[in-house]
Amino acid sequence: MDTNEPLIQIASRSGKKLSRRGILSTGVVAGIATAFALPAVAQMAATPKGKSQTAQDKKNDITVLNSGLYYEHQAIWAYNFAAGKLTNTAVGKAVLAVATVNLTDHQAHRDVLSRAISSLGGTPVKAEASYDLSAYIQKGEGNIDSDVNIAKLALALEVDAAIAYTFEAAKLKTPALITAGASIGTNEAAHATAIRAAFKSLGVDLAIVPASFFNPNTRSAWILKV
């Protein structure tokens with residue numbers, strides 16, 4: 001497979017159904033949609049009536065949102081890159097099914113964050129040509145040498161995204177942006193849960209939801225080591 005070919009194109013070419021019903025019918029639980037009733041971008045960047053948003057608050061929110069946008073770019077790149085490494089086996093197809101849904105969500109996150117940053121007068125951080133995921137591989141939290149290890153790598157990235165949004169959303173000064181950030185964080189947690197559900201459906205004996213929270217203290221419970 002061409003590692004530069006977009007994941008959606010690879011999935012479509014393989015003849016796989018990309019609908020949530022199609023994914024569920026194979027026994028793989030899909031990630032839930034990004035549209036957690038996110039408010040319009042103009043509303044997200046607006047402050048409550050009677051209150052004014054200082055230049056410092058805007059600068060703060062732009063920095064926080066760009067931090068989230070950086071990791072959305074990273075996730076999009078990682079899913080597209082990993083797609084070229086997946087095999088055409090049942091396991092590879094199952095991983096691709098979940099990855100395709102997750103990728104669509106990350107692209108929606110990217111678009112919402114970019115528009116919100118622009119509406120605040122900021123410049124959205126641009127996607128890089130590639131991203132270094134070697135730290136995860138060195139820690140045994142996934143790899144790109146097999147379908148299973150690619151899924152484990154995706155799981156580690158989604159877990160860290162869910163944890164990061166928990167902390168980053170709390171730093172925002174605009175109420176509607178806090179809600180939007182929390183909604184995206186919830187979606188990232190759903191992605192991690194969907195990947196674990198895929199392992200379960202493939203016969204791995206594990207708890208789909210291994211802990212009550214996503215935070216640094218429970219991270220090891222969610223991660224699957226190589």
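Everything quoted here is computed from the prediction, not taken from an experiment. (Residues numbered from 1 in each chain as written. Predicted model: local features only at pLDDT ≥ 70, side-chain atom pairs only at ≥ 80, totals over all residues. Heavy atoms only, no water.)

We now examine empty space enclosed by the protein. Considering all chains together, one arrives at two cavities of 30 Å³ or more under this definition. If you add up the space inside the largest cavity, you get close to 100 Å³. Forming the walls of the largest cavity are 15 residues, and the residues nearest its centre are L65, L113, Y165, L172 and G181. If you list the elements that add at least two residues to the lining of the largest cavity, you get α4 (55-83), α5 (90-119), α7 (147-169) and α8 (175-201). Among the residues making up the lining of the largest cavity, the classes are represented as 12 nonpolar, two polar and one charged. (1 Å grid on protein atoms, 1.4 Å probe; cavity = no way out; pocket = protein on both sides within 12 Å on 5 of 7 lines; lining within 4 Å. Points joined across faces, edges and corners; volume = space filled by probe spheres on them. Helix = DSSP H or I, 4+ residues; strand = E, 2+ residues; numbered from the N terminus. Nonpolar A, V, L, I, M, F, W, Y, C, P; charged D, E, K, R; others polar.)

So, on to the packing of α4 against α5. Across the interface, α4 lies against α5 with an axial gap of 9 Å and an inter-helix angle of 150°. Looking at the two axes, α4 sits roughly antiparallel to α5. Relative to α5, the crossing made by α4 is left-handed. Taking contact as the criterion, the partners of I62, L65, N66, G68, L69, E72, H73, A75, I76, Y79, N80 and A83 in α4 are, on α5, L96, A99, N102, L103, H106, Q107, H109, R110, L113, S114, A116 and I117. In the contact of α4 with α5, the residues fall into 13 nonpolar, nine polar and two charged. (Axes fitted to C-alpha atoms, helices over the stretch in contact; angles between N-to-C directions. Parallel < 35°, antiparallel > 145°, perpendicular 65-115°, else oblique. Left-handed = near helix turned anticlockwise from the far one by under 90°. Contact = heavy atoms within 4.5 Å.)

With that out of the way, let us pick up the pattern of salt bridges. In the structure shown here, the tally under the stated rule is five salt bridges. R219 serves as the salt-bridge partner of E141, at 2.8 Å between the closest nitrogen and oxygen. Residue E141 is found in the loop between α6 (134-138) and α7, and its partner R219 is found in helix α9 (residues 219-222); the two are separated by 78 residues along the sequence. For the pair shown, E141 and R219 are each scored as buried. Ionic contacts of the salt-bridge type, sharing partners, join the residues K139, E141, D160 and R219 into one network. (Salt bridge = Lys/Arg side-chain N within 4 Å of Asp/Glu carboxyl O. Buried < 20%, exposed > 50% of the residue type's maximum accessible area, 1.4 Å probe, protein only.)

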